[in-house]
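Each chain, written out:
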Amino acid sequence: MKIKTKKKSYDKVAAMPKEKARKPQKPGWIFRKLLQTLSWFDLKATKFSYKTYGMEKLGKKEPCLILMNHSSFIDLKIAETIMKSRPMNIVCTSDGFIGKNWLMRNLGCIPTNKFVTDVRLVKDMVYAIRDLKCSVLMYPEASYSFDGTATPLPESLGKCLKLLKAPVVMIKTYGAFSRDPLYNNLQLRKVKVSADVTYLLSPEEIKQKSADELNEILKEAFTFDNFKWQQDNKIKIDEPFRADGLNRVLYKCPVCGDESSMTGKGTKLRCGKCGKEYELTEYGFLEATEGETEYSHIPDWYAWERECVRKEIIDGTYRLDTDVDICMMVDTKCIYKVGSGRLTHTPEGFRLTGCDGKLEYSQKPSASYGLYADYYWYEIGDVICIGDNDVLYYCFPKCERDVVAKTRLAAEEMYKLSRERKN
């Protein structure tokens, strides 16, 4: 999927008025039917099936909050198919509205900027449930998983549940990540996809529990490991490109420690500096072609990288400093290409400068619990996105190293450390 872009000077983009906020609208029946029809083809190809647990507790016309783990582009098609009998407003990233605002509104979509404090979003969700009598679909992780395990949830989620006062339904998918992992450049694998649909919380239970208790329930519900699921269920993935781009996730060699020489191609992952090579097997394990296998499980390797990043932050040695191409989003007409600049990330936070000295933006580590980072974003390139409710800056690193995953890990760990210091 591509996105509409346009070259424009930073001065002109910075001076553009911000679009006025609009209330959500009830999704039109014909648009719901169209989305369900288009979803049918992809789901048929994956032999999609699902099981329900406790869903008899939910009234046929009772609006609910639907929470779903975020694995790949097929997620929305799954949710729309499962919940086809219910009108549903969909919380989605604001850049999804670019060039198709009218369509997205008629589909019932509610825009929000990822990892930015958005009071308006909660108001829109309350309005959708109470006034429009619609259910609300939300992906609380906000970003796709890099390593197939859960990403952090916002601490405000428990409070949000108490404000909505609606039953909570959980959709957890199996196979969606394995079919289309983000690192693999949109190359689809032949994997069956299924889902569990669970009535998670009633309004009465939400009322009785504290926000912290609700957050613990949600954290448990959003605990998963897609590679372990593949291994335990002996799901065979024999596509010859299954390791393409795996270096985006496993960027640091566990043997020599180099962060600029990992290459994932075909079925192999190799360090160009020390020569250590691994094969990604048909069942999701990593096996060294020679010698010891340091990490046979991809999430374990990724967890080790996280520990390394955290140590760098604590030691004061962590630093990202790279030239970037810069795009901006200030409205839903298009993404504006405003020039180039430099992005730095240190324990003090992000700093973006550029556009002939006209652009300067800083963001503290405490600003967000996560980072909007993506691979092959709208088929443009790997991206790091920072910003606020007024403007988003999409930064495309020009360096040859894989810096996106490390930067996201660093942003998450810096936020945790800032919270620890505050507490």
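Look up a bit, the structure's there.
Let me begin by describing the structure that accompanies this report. (Residues numbered from 1 in each chain as written. Predicted model: local features only at pLDDT ≥ 70, side-chain atom pairs only at ≥ 80, totals over all residues. Heavy atoms only, no water.)

## A look at the overall build of the protein chain
Then, number 1: The number of helices and strands found in the protein chain is 12 helices and 19 strands.
Then, number 2: Its C-alpha atoms give the protein chain a radius of gyration of 21 Å, near enough to 22 Å, the size a compact globule of 423 residues would have.
Then, number 3: Each principal axis of the C-alpha distribution contributes one length, and for the protein chain these read about 60 × 55 × 45 Å.
Then, number 4: Looking at the protein chain as a whole, 57% of its 423 residues are labelled buried.
Then, number 5: The long-range share in the protein chain, meaning contacts at least 24 apart out of those at least 6 apart in sequence, stands at 68%.
Then, number 6: About 19700 Å² of surface is accessible on the protein chain, with carbon and sulfur atoms providing 50% of the total.
Then, number 7: Considering the protein chain, the positive charge centre built from 69 side chains and the negative charge centre built from 58 side chains are found 8 Å apart. (Helix = DSSP H or I, 4+ residues; strand = E, 2+ residues; numbered from the N terminus. Rg over C-alpha atoms; globule rule 2.2 N^0.38 Å. Buried < 20%, exposed > 50% of the residue type's maximum accessible area, 1.4 Å probe, protein only. Contact = heavy atoms within 4.5 Å. Areas by Shrake-Rupley, 256 points an atom, 1.4 Å probe, with all protein chains shown as cover. Lys, Arg positive; Asp, Glu negative; His and termini not counted. Charge placed at Lys NZ, Arg CZ, Asp CG, Glu CD.)

## Some words on helix 5 (residues 119-130)
Then, number 1: An ideal rise of 1.5 Å per residue puts 16 Å on 12 residues; helix 5 measures up with 17 Å between its terminal C-alpha atoms.
Then, number 2: Those residues of helix 5 not exposed but buried are Leu 121, Asp 124, Met 125, Val 126, Ala 128 and Ile 129.
Then, number 3: Elements that come into contact with the buried residues of helix 5 comprise strand 3 (65-68), strand 4 (88-93), strand 5 (109-112), strand 6 (135-138) and helix 6 (157-164).
Then, number 4: Capping the start of helix 5, Asp 118 holds a side-chain oxygen 3.2 Å from the backbone nitrogen of Arg 120, two or three residues further along. (Expected span 1.5 Å × (residues − 1). Polar contact = N/O pair within 3.5 Å; in protein donor to acceptor, adjacent residues only side chain to side chain.)

## Observations concerning the sheet that holds strand 7 (residues 168-174)
Then, number 1: In space, the seven strands of this open sheet follow the order 2-8-7-3-6-4-5, with mixed pairing throughout. Edge positions in the sheet fall to strand 2 (49-53) and strand 5, since each of these pairs with one other strand and no more. The mean inter-strand angle of the sheet, taken between neighbouring strand axes irrespective of direction, is 20°.
Then, number 2: With four bridges joining them, strand 3 and strand 7 adopt parallel strand pairing. When the bridges of strand 7 are listed, Leu 67 appears paired with Met 170. (Pairing = 2+ DSSP bridges. Axes fitted to C-alpha atoms, helices over the stretch in contact; angles between N-to-C directions.)

## Quick word on the state of the cysteines
Then, number 1: As enumerated under the stated definition, the model contains zero disulfides in all.
Then, number 2: With no disulfide of its own, Cys 109 lies closest to Cys 92 among cysteine sulfurs, the gap being 4.2 Å.
Then, number 3: Residue Cys 327 stays outside any disulfide, its sulfur separated by 9.0 Å from that of Cys 395, the closest cysteine. (Disulfide = S-S within 2.5 Å.)

## As for the packing of aromatic side chains
Then, number 1: A complete count under the given rule lists 16 aromatic pairs for this structure.
Then, number 2: Ring centres 5.3 Å apart and planes at 65° place the aromatic pair Phe 115 and Tyr 369 in the edge-to-face group. One end of the pair, Phe 115, is in the loop between strand 5 and helix 5; the other, Tyr 369, is in the loop between strand 16 (359-363) and strand 17 (372-377), with 254 residues separating them in the sequence.
Then, number 3: With a relative accessible area of 16%, Tyr 369 lands in the buried category.
Then, number 4: With centroids separated by 5.1 Å and ring planes inclined at 40°, the aromatic side chains of Tyr 361 and Tyr 393 adopt a geometry described as tilted. Taken together, the residues span a long stretch of sequence, with Tyr 361 in strand 16 and Tyr 393 in strand 19 (residues 392-397) at a distance of 32 residues. (Phe/Tyr/Trp six-rings, centres within 6.5 Å; stacked < 30°, edge-to-face > 60°.)

## Re unusual backbone geometry
Then, number 1: Of note in the backbone geometry, Leu 186 takes a positive phi value of approximately 65° without being a glycine.
Then, number 2: With respect to the secondary-structure elements, Leu 186 resides in the loop between helix 7 (176-179) and strand 8 (194-201).
Then, number 3: Accessibility expressed as a relative area gives 32% for Leu 186, which makes it partly exposed.
Then, number 4: The phi angle at Cys 355 is positive, at roughly 55°, despite the residue not being glycine.

## Notes on the pairing of strand 14 (residues 335-346)
Along any regular strand, the residues point their side chains to alternate faces of the sheet.
Then, number 1: Taken together, the three bridges between strand 1 (residues 5-7) and strand 14 define a ladder with parallel strand orientation. From the neighbouring strand, Lys 7 faces strand 14, where its bridge partner is Lys 337.
Then, number 2: Here strand 13 (residues 320-329) folds back onto strand 14 in antiparallel fashion, the turn holding five residues.
Then, number 3: In the sheet, strand 14 pairs with strand 15 (residues 349-354) via six bridges, with the strands oriented antiparallel. Note on strand 15: the bridge partner recorded for Thr 344 is Arg 351.
Then, number 4: Hairpin connection of strand 14 to strand 15: two residues between the antiparallel strands.

## Some remarks on the layout of surface pockets
Then, number 1: Looking at the second largest pocket, its volume works out to about 920 Å³.
Then, number 2: Along its surface, the second largest pocket is lined by 30 residues, and Thr 151, Pro 152, Leu 153, Lys 219 and Lys 416 are the ones closest to its centre.
Then, number 3: Put simply, the parts of the chain that give the lining of the second largest pocket at least two residues each are helix 6, helix 9 (211-221), helix 11 (298-315) and helix 12 (404-422). (1 Å grid on protein atoms, 1.4 Å probe; cavity = no way out; pocket = protein on both sides within 12 Å on 5 of 7 lines; lining within 4 Å. Points joined across faces, edges and corners; volume = space filled by probe spheres on them.)

## Quick word on the packing of helix 5 against helix 6
Then, number 1: Orientation of helix 5 relative to helix 6, taken along the N-to-C sense of each, is 35°, at an axis distance of 10 Å. Note that helix 5 runs across helix 6; the crossing there is right-handed. Touching Val 122, Met 125, Val 126, Ile 129 and Arg 130 of helix 5 are Cys 160, Leu 163 and Leu 164, all from helix 6.
Then, number 2: The residue inventory of the contact of helix 5 with helix 6, partitioned by class, reads seven nonpolar, no polar and one charged. (Left-handed = near helix turned anticlockwise from the far one by under 90°. Nonpolar A, V, L, I, M, F, W, Y, C, P; charged D, E, K, R; others polar.)

## Some details on the nonpolar core
Then, number 1: Counting 60 residues, the largest nonpolar core has Phe 146, Leu 343, Leu 352 and Tyr 393 as the members making the most contacts within it.
Then, number 2: Not counting residues up to four positions away in its chain, the partners in contact with Leu 343 are Leu 320, Asp 321, Thr 322, Val 324, Phe 350, Arg 351, Leu 352, Ile 384, Ile 386 and Cys 395.
Then, number 3: Met 88, Tyr 139, Ala 176 and Val 197 belong to the second-largest nonpolar core, a separate cluster that totals 30 residues. (Core = buried A, V, L, I, M, F, W, Y, C linked by side-chain atoms within 4.5 Å.)

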